[in-house]
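Summary of the model geometry
This is what each chain is made of:
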Amino acid sequence: MENFNIDAAYECVKSDDFPAMLNPDRYMKRSNAFDKIIAATNDHFWDPMDPKYVDFSAPFDLKTQLVMPESLNLELRTAVADKLDEGQKIRLVNGSVHFVLSGILHGEQAALSLSADLCHILLDPGAQEYAANQAREEARHVTGFTNYIKARWGKPTVMDPFLMGLINEMVYSPLVWKKIVGLQMVLEGLAMGLFSNFYQFSQDSVLKQLLQFTMTDEAFHHKFGKIWADKTVPHLPEKEREQIEDWAWTIFSALLKGNSFGFEHKNALYTELGLDWKWVQGAVMEAMADKDRRAGMAKSTNVFRSLIKTLIKSGIVTQRTAPNYAAFVDLKELHAEGDAMVGDEIAEEGIKFLKAINEGRDPRRLAAAE
Ligand SMILES: [Fe+2]
Ligand SMILES: [Fe+2]
């Protein structure tokens, strides 16, 4: 297969090469690069089926209460707002959140399938152990988001076909860097940005708790990508590294394209509100046509911040493509910052909380003592 593992730095085999896993020498080549993040997993154990962690039965009225504030809804920042009454605005906000969270649930499923797949191709037993652990954690995210969506809306919406195409490419690709850069850096980075944003602004305490516990896991998944890149990228030939750099931009810019907002996909919701999806798309495009306004909107939500930062700090994004990302983050500010990521603090708080629950202590006392 063309381009498959052309460089030994990847330390991997084709997913159907199981005999390679049984090579006695392979077991002896376990790196210790992932030991810390493997050992940390017990500290943040949680179970989405146990109400001691997240109580999905807590009441919430979708007709009168907003899951996310109106001010963060993209459509309501445009001419769409003038067409709707208060009840319809609540329906649009909560209905849009249903779509986003369904997309996240499908993303969690993709992460589960991808990380399980990494176990078949990574040769380093340490990296493999971490990938197996990640698959276990992604499985509980699938359960957690399913529980939340079930409690609020009954069931998830189908996946946006555009995002499905992007994710399929990563799941089916035999190229390990498409999987790791696509999953561990772009998807995980985007998830950390989105989760931080939702955690910070959500008005539903159940969702906040679910997000915080999910982030205690995701913060480590994100670190896996960075450790892998630090181990691998410096040993790659320039041409190969550039190919990865270009692909990172392709994925990032694809995510930004108009159709990633999924207007057509949300057709049923708009129709219910008496709106035409093409008209809504036009209204949003018009509002975003202004370059400064678009940049302001992107920067204020910070959704892309951790993702861009990881790509830069791992040497995947260099001066060659860095200017492409400048509309979405302040690159100077990013370079001046330390290694802390958006969401790290939320995850750390979550870990303290989980430790208390797991040791049989009352986590509310922990909050009171601080
Ligand atoms: Fe996840
Ligand atoms: Fe993850």
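What counts and what doesn't
- Residues numbered from 1 in each chain as written.
- Chains lettered and ligands numbered in written order.
- Predicted model: local features only at pLDDT ≥ 70, side-chain atom pairs only at ≥ 80, totals over all residues.
- Heavy atoms only, no water.
- 1 Å grid on protein atoms, 1.4 Å probe; cavity = no way out; pocket = protein on both sides within 12 Å on 5 of 7 lines; lining within 4 Å.
- Points joined across faces, edges and corners; volume = space filled by probe spheres on them.
- Nonpolar A, V, L, I, M, F, W, Y, C, P; charged D, E, K, R; others polar.
- Salt bridge = Lys/Arg side-chain N within 4 Å of Asp/Glu carboxyl O.
- Helix = DSSP H or I, 4+ residues; strand = E, 2+ residues; numbered from the N terminus.
- Buried < 20%, exposed > 50% of the residue type's maximum accessible area, 1.4 Å probe, protein only.
- Expected span 1.5 Å × (residues − 1).
- Bend = angle between axes of the 7 residues up to and from the residue.
- Donors = N, O, S within 2.8 Å, 3.2 Å for Na, K, Ca; no water.
- Tetrahedral: all angles 85-135°; square planar, octahedral: opposite > 155°, others 65-115°.
- Phe/Tyr/Trp six-rings, centres within 6.5 Å; stacked < 30°, edge-to-face > 60°.
- Axes fitted to C-alpha atoms, helices over the stretch in contact; angles between N-to-C directions.
- Contact = heavy atoms within 4.5 Å.
- Parallel < 35°, antiparallel > 145°, perpendicular 65-115°, else oblique.
- Left-handed = near helix turned anticlockwise from the far one by under 90°.

Looking at the layout of surface pockets
Its volume calculated, the second largest pocket comes out at about 260 Å³. Surrounding the second largest pocket, 14 residues form its lining, P51, K52, Y53, D55 and Q209 being those nearest its centre. Looking at the lining of the second largest pocket, its residues break down into eight nonpolar, two polar and four charged.

Thoughts on the pattern of salt bridges
One pass over the full model with this rule turns up 21 salt bridges. We note a salt bridge from K352 to E349, for which the minimum N-O separation is 3.3 Å. Remark: E349 and K352 occur in helix α15 (residues 344–358); sequence separation between them is three residues, near one turn of the helix. Taking the relative accessible area as the measure of exposure, E349 reaches 38% and is therefore partly exposed. Close ionic contact of R361 with E359 constitutes a salt bridge, the shortest N to O distance being 2.8 Å. The class for E359 is exposed, based on a relative accessible area of 54%. Bridged by salt links that share partners, the residues E238, R241, E242, E245, D246 and R320 form one connected network.

Brief notes about helix α6 (residues 176–201)
Because the α-helix completes a turn every 3.6 residues, residues three or four places apart line up on one side. Between its first and last C-alpha, α6 extends 36 Å over 26 residues, near the 38 Å set by a 1.5 Å rise per residue. At G182, α6 shows its strongest bend, of approximately 30°. The buried count for α6 comes to 21 of 26 residues, which makes it a mostly enclosed element.

Digging into the coordination of the iron ion (ligand 1)
Coordination angles at a metal have ideal targets, namely 109.5 degrees for four tetrahedral donors and 90 or 180 degrees for six octahedral donors. For the iron ion (ligand 1), every protein donor is listed as E108 (OE), E138 (OE), H141 (ND1) and E218 (OE), and the spread of their distances is 1.9 to 2.2 Å. For the iron ion (ligand 1), the four donor atoms in the first shell make angles of 90 to 145° at the metal, a pattern classed as irregular. Sequence positions of the donors to the iron ion (ligand 1) reduce to the motif E-x29-E-x2-H-x76-E. Between the two metals, the iron ion (ligand 1) and the iron ion (ligand 2), the spacing is 3.1 Å, and E138 donates to both. Taken together, the residues span a long stretch of sequence, with H141 in helix α4 (residues 125–153) and E218 in helix α7 (residues 205–232) at a distance of 77 residues. Judged by relative accessible area, H141 falls into the buried class, the value being 0%.

A word on the coordination of the iron ion (ligand 2)
For the iron ion (ligand 2), the protein coordination sphere consists of E138 (OE), E188 (OE), E188 (OE), E218 (OE) and H221 (ND1), at 1.9 to 2.6 Å. Along the chain, the residues that donate to the iron ion (ligand 2) are spaced as E-x49-E-x29-E-x2-H. Relative accessible area serves as the criterion here: at 3%, E188 is assigned to the buried category. We classify E218 as buried; its relative accessible area is 1%.

Brief notes about the packing of aromatic side chains
Counted under the stated rule, the structure contains 12 aromatic pairs. Ring centres of W46 and F213 lie 5.8 Å apart, and the angle between their planes is 45°; this geometry places the pair in the tilted category. Taken together, the positions of W46 in the loop between α2 (35–39) and α3 (86–121) and F213 in helix α7 put the pair 167 residues apart, joining distant regions of the chain. A relative accessible area of 0% means that W46 is categorised as buried. Among the residues examined, F213 registers a relative accessible area of 0% and is labelled buried. Both rings, one in Y53 and one in F213, keep their centres 6.5 Å apart while their planes meet at 80°; by these two values the pair is edge-to-face. Of the two residues, Y53 sits in the loop between α2 and α3 while F213 sits in helix α7, which places them 160 residues apart along the sequence. Per residue, the accessibility class of Y53 equals that of F213, and both read buried.

Examining empty space enclosed by the protein
Across all of its chains, the model carries one cavity of 30 Å³ or more by this definition. In this structure, the largest cavity is lined by A9, Y10, E11, F34, L122, D124, A127, W228, K231 and T232. With three residues, the top contributor of residues to the lining of the largest cavity is α7. Looking at the lining of the largest cavity residue by residue, the class counts come to six nonpolar, one polar and three charged.

Some thoughts on the packing of α6 against helix α12 (residues 305–313)
It is the contact of α6 with α12, at a shortest axis distance of 6 Å, that shows an interaxial angle of 145°. Contact with α6, carried on its side by V181, M185, V186, G189, L190, M192 and G193, involves S306, L307, T310 and L311 of α12 and no other residues of that element. A breakdown of the residues in the contact of α6 with α12 according to their chemical character gives seven nonpolar, four polar and no charged.

What to know about the environment of R365
Along the polypeptide, R365 turns up in helix α16 (residues 363–369). Classification of R365 as exposed rests on a relative accessible area of 66%.

Details of the packing of α6 against helix α8 (residues 238–256)
Interhelical geometry of α6 versus α8 gives an angle of 40° and a closest axis separation of 11 Å. Between α6 and α8, the angle is such that the two are oblique. Seen along the crossing, α6 lies across α8 with a hand that is right-handed. Residues W177, K178, V181, G182, V186 and L190 of α6 touch α8, and the partners they reach there are E240, Q243, I244, W247, A248, I251 and L255. In terms of residue class, the contact of α6 with α8 is built from nine nonpolar, two polar and two charged.

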